[in-house]
Amino acid sequence: MKLTKFTDPLPIPLVLKPKWKSSGYTYYEVKMKEGKQSLHSQMPHTTIWGYEGRYPGPTIEVEMGETVYVKWMNALPEKHLFAIDHTVHGAEKDKPDVRTVVHLHGGRTEPESDGYPDAWFTKGYGKTGPFFAKEIYEYGNRQRARTLWYHDHAIGITRLNIYAGLAGFYIIRDSHERSLNLPGGKFEIPLLIQDRSFNEDGSFFYPEKSKKDTSGITPSIISSFFGDTIVVNGKVWPFLEVEPRKYRFRLLNGANARFFHLFFDSGQPFFQIGTDSGFLEQPFSVHSLLLAPAERADVIVDFSNMSGKSILMKNDARTHFPIGDPVDPETTGMVMQFRVTKPLSSIDTSVIPAFMGTIHRLPESTARKQRYLQLSEEKDRFGRPLFLLDQKKWDDPIREMPQIGTNEIWCFVNTNGDDHPIHVHLVQFQILDRQPFDVVHFKKTGRIRYTGLRLLPDSGEHGWKDTVKCPPGHITRIIIPFFPFAGPYVWHCHMLEHEDYEMMRPYWILPPN
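Residues numbered from 1 in each chain as written. Predicted model: local features only at pLDDT ≥ 70, side-chain atom pairs only at ≥ 80, totals over all residues. Heavy atoms only, no water.

J.: Tell me about the overall build of the protein chain, residues and numbers included.
T.: Within the protein chain, the regular secondary structure consists of 4 helices and 30 strands. Its C-alpha atoms put the protein chain at 65 × 55 × 50 Å along the principal axes. Within the span of the protein chain, comprising 513 residues, buried residues form 61% of the whole. In the protein chain, 79% of the contacts between residues at least 6 apart in sequence involve partners at least 24 apart. For the protein chain, the centre of its 61 positive side-chain charges and the centre of its 61 negative side-chain charges are spaced 1 Å apart. (Helix = DSSP H or I, 4+ residues; strand = E, 2+ residues; numbered from the N terminus. Buried < 20%, exposed > 50% of the residue type's maximum accessible area, 1.4 Å probe, protein only. Contact = heavy atoms within 4.5 Å. Lys, Arg positive; Asp, Glu negative; His and termini not counted. Charge placed at Lys NZ, Arg CZ, Asp CG, Glu CD.)

J.: Tell me about the layout of surface pockets, residues and numbers included.
T.: If you add up the space inside the largest pocket, you get close to 970 Å³. Together, 36 residues line the largest pocket, and Ser210, Ser223, Ser224, Phe226 and His320 are the ones closest to its centre. Its residues assigned to classes, the lining of the largest pocket shows 12 nonpolar, 12 polar and 12 charged. The space that makes up the second largest pocket amounts to roughly 430 Å³. If you trace the second largest pocket, you find 22 residues lining it, with Arg144, Arg146, Ser277, Ile359 and Trp464 closest to the centre. Element by element, the count of residues in the lining of the second largest pocket is highest for strand S17 (residues 278-286), at 3 residues. Of the residues that constitute the lining of the second largest pocket, the class distribution is 9 nonpolar, 8 polar and 5 charged. (1 Å grid on protein atoms, 1.4 Å probe; cavity = no way out; pocket = protein on both sides within 12 Å on 5 of 7 lines; lining within 4 Å. Points joined across faces, edges and corners; volume = space filled by probe spheres on them. Nonpolar A, V, L, I, M, F, W, Y, C, P; charged D, E, K, R; others polar.)

J.: Which residues make up the side chain of serine 220, and what are the values?
T.: Position of serine 220 relative to the elements: it lies in the loop between strand S10 (188-196) and strand S11 (229-232). When its relative accessible area of 3% is taken as the criterion, serine 220 is described as buried. Reaching out from serine 220, the side chain makes a polar contact with the side chain of aspartate 213 at a distance of 2.4 Å. Setting aside anything within four residues of it in sequence, one finds serine 220 in contact with Asp85, Glu208, Lys209, Asp213, Ser215 and Arg384. (Polar contact = N/O pair within 3.5 Å; in protein donor to acceptor, adjacent residues only side chain to side chain.)

J.: Explain the sheet that holds strand S18 (residues 289-291) residue by residue, including any values.
T.: An order of S13-S21-S20-S15-S18 is seen for the 5 strands of this open sheet, with the pairing classed as mixed. The sheet terminates laterally at strand S13 (239-241) and S18, the two strands that pair on one side only. Here the strands of the sheet are splayed against their neighbours by 20° on average, with no regard to which way each runs. Pairing geometry for S13 and strand S21 (residues 334-339), over 3 bridges, is parallel. (Pairing = 2+ DSSP bridges. Axes fitted to C-alpha atoms, helices over the stretch in contact; angles between N-to-C directions.)

J.: Before we move on, can you summarise the pattern of salt bridges with the specific residues and values?
T.: Where charged atoms from two side chains of opposite charge come close, those side chains can pair. Under the counting rule described, the total for this entry stands at 35 salt bridges. The salt bridge partner of lysine 465 is glutamate 295, with a shortest N-O separation of 2.6 Å. Taken together, the positions of lysine 465 in the loop between helix H3 (439-445) and strand S27 (467-470) and glutamate 295 in the loop between S18 and strand S19 (296-302) put the pair 170 residues apart, joining distant regions of the chain. Accessibility assignment for this pair places lysine 465 and glutamate 295 in one class, buried. Of the charged contacts, one joins glutamate 408 and arginine 371 as a salt bridge, the two residues approaching to 2.6 Å between their closest N and O atoms. One end of the pair, glutamate 408, is in strand S24 (residues 407-414); the other, arginine 371, is in strand S22 (residues 367-379), and 37 residues separate them in sequence. Of the two residues, glutamate 408 and arginine 371, neither departs from the other in class, the shared state being buried. (Salt bridge = Lys/Arg side-chain N within 4 Å of Asp/Glu carboxyl O.)

J.: Which residues make up the side chain of asparagine 74, and what values go with them?
T.: As for its placement among the helices and strands, asparagine 74 is situated in strand S5 (residues 68-74). Polar contacts involving the side chain of asparagine 74 include one to the side chain of threonine 100, which spans 3.3 Å. In this structure the side chain of asparagine 74 is engaged in a polar contact, spanning 3.3 Å, whose partner is the backbone oxygen of phenylalanine 121. In contact with asparagine 74, other than residues within four places in its own chain, are Met32, Val98, Arg99, Thr100, Phe121, Thr122, Lys123 and Gly124.

J.: Any chance you could break down the sheet that holds strand S25 (residues 420-424) for me, citing the residues and the numbers?
T.: Taken in spatial order, the 4 strands line up as S27-S25-S29-S30 in an open sheet, and their pairing is antiparallel. With one partner strand each, in any of the chains shown, S27 and strand S30 (504-509) form the two edges of the open sheet. Going across the sheet, the axis of each strand differs from the next one's by a mean of 25°, ignoring polarity. Across 3 bridges, the pairing between S25 and strand S29 (residues 487-493) is antiparallel. Opposite valine 424, over in S29, you have tryptophan 491 as the bridge partner.

J.: Just give me the short version of the packing of aromatic side chains, but keep the residues and values in it.
T.: Taken as a whole, this structure holds 35 aromatic pairs when the rule is applied. Both rings, one in tyrosine 51 and one in tryptophan 72, keep their centres 5.6 Å apart while their planes meet at 65°; by these two values the pair is edge-to-face. Here tryptophan 72 lies in strand S5 and tyrosine 51 lies in strand S3 (residues 46-51), a separation of 21 residues in the sequence. Taking relative accessible area as the criterion, tyrosine 51 reaches 0% and is therefore assigned buried. Overall, the relative accessible area of 2% leaves tryptophan 72 in the buried class. Cation over ring: arginine 99 sits above tryptophan 120, and NZ or CZ is 5.6 Å from the ring centre. In this structure, arginine 339 packs its charged tip against the face of phenylalanine 239, placed 3.7 Å from the ring centre. (Phe/Tyr/Trp six-rings, centres within 6.5 Å; stacked < 30°, edge-to-face > 60°. Lys NZ or Arg CZ within 6 Å of the ring centre and 35° of its normal.)

Structural data, given as structure tokens:
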């Protein structure tokens with residue numbers, strides 16, 4: 001299906017209004033519903049699954065320390081939009097095909113409200129998973145200002161539920177953020193960037209098996225999905241009219257597996273002010289940004305000297321990053337267009353602050369334990385790719401059991417060709433370094449032989465993170481403080497096909513002593 005680019009304006013997700021708000025707490029109700037939505041004006045309406053029937057879901061904005069309750073309700077039809085491979089763990093035939101659970105990605109959330117993959121529920125809570133604990137989730141929001149997002153996390157079908165549209169922004173604000181005089185209001189815009197493919201009737205296309213699959217199973221899980229169109233905020237190749245002034249964009253890579261290496265064709269820089277988990281110490285002027293699935297970047301773009309011009313945001317990241325196929329510059333190489341055609345509505349008094357606040361680095365000496373955790377690719381009994389963490393499957397005994405209030409160093413030993421974005425629930429961490437090693441020697445002997453110097457994190461990774469890129473042939477080290485809750489959580493690759501097919505593991509935070 002050939003579509004004309006930059007014909008539809010960028011949609012801005014609505015901010016959700018609470019059902020109830022008092023001095024003590026705020027209460028929301030959010031229904032997951034099927035709907036029809038125009039993703040491109042030259043294409044028939046697409047059937048989507050969305051929070052409140054919208055793709056992406058409405059933005060939830062809260063204040064730091066505000067107690068928020070959300071009742072997530074499954075009002076989806078009984079038949080899934082996509083074919084389900086019942087050989088995938090957690091998606092067996094005895095499980096309901098349509099089940100959901102919501103994870104607040106990057107949130108410091110109690111275990112019962114974290115969206116544990118086995119805490120799923122069906123329409124009207126008719127059936128629930130073994131870890132289901134409550135209908136109404138509690139979010140304490142004991143975090144500084146940052147960009148989070150909420151999305152589905154049902155075991156075995158996360159890739160399908162998010163692909164259907166189940167994702168939205170969750171923004172925490174605080175007084176410090178307001179004191180920085182950043183671009184705000186209509187000049188602050190969230191951008192959810194994804195890739196999708198479509199059938200001729202406008203419906204989402206998701207492959208039932210890969211071209212190389214010889215397992216004889218249909219449908220059969222694919223190792224990674226890469227669409228042939230780019231969708232921003234639920235619109236294919238949109239445009240945004242802007243004024244000649246500074247704008248703040250909250251960038252989120254919400255793709256199943258695609259990395260985005262973003263840049264402007266004008267050479268315009270991004271002033272990066274924040275990452276997954278809040279502000280950096282100081283802004284960095286960069287001409288490109290590499291975002292793995294689930295990573296966020298908080299940036300300011302200054303259009304003040306670009307009046308009358310049209311600017312393209314482009315992407316040149318390979319599939320199966322960094323070793324896969326190059327992008328098509330005419331399709332997946334195009335993200336969206338900015339038209340600096342609006343007149344200046346008021347004097348731009350916003351600033352790019354010189355300093356956002358001190359980030360205290362955690363000394364390695366504070367870590368109680370250092371763990372080496374292998375990221376590997378093997379074959380399942382059908383000959384298909386099987387991605388594992390520490391060479392364990394989901395149901396294997398739990399090995400990672402840090403104690404609350406302690407720090408640990410986790411070393412991700414990537415013996416696979418993909419760059420895996422690893423996300424750890426509940427916590428935020430700091431990246432220490434990455435170091436190349438001899439993969440062949442490690443596979444033969446189990447011993448690490450380094451082949452190069454340690455590489456410090458990129459400038460945009462010097463803040464707190466919840467998702468980290470782990471390039472192939474490198475050991476990526478992070479230091480994690482485990483608090484404020486004890487209980488069961490998970491860590492996983494955020495390439496959704498990997499996550500669904502065993503590249504996810506539970507871990508348990510133990511109480512004191």
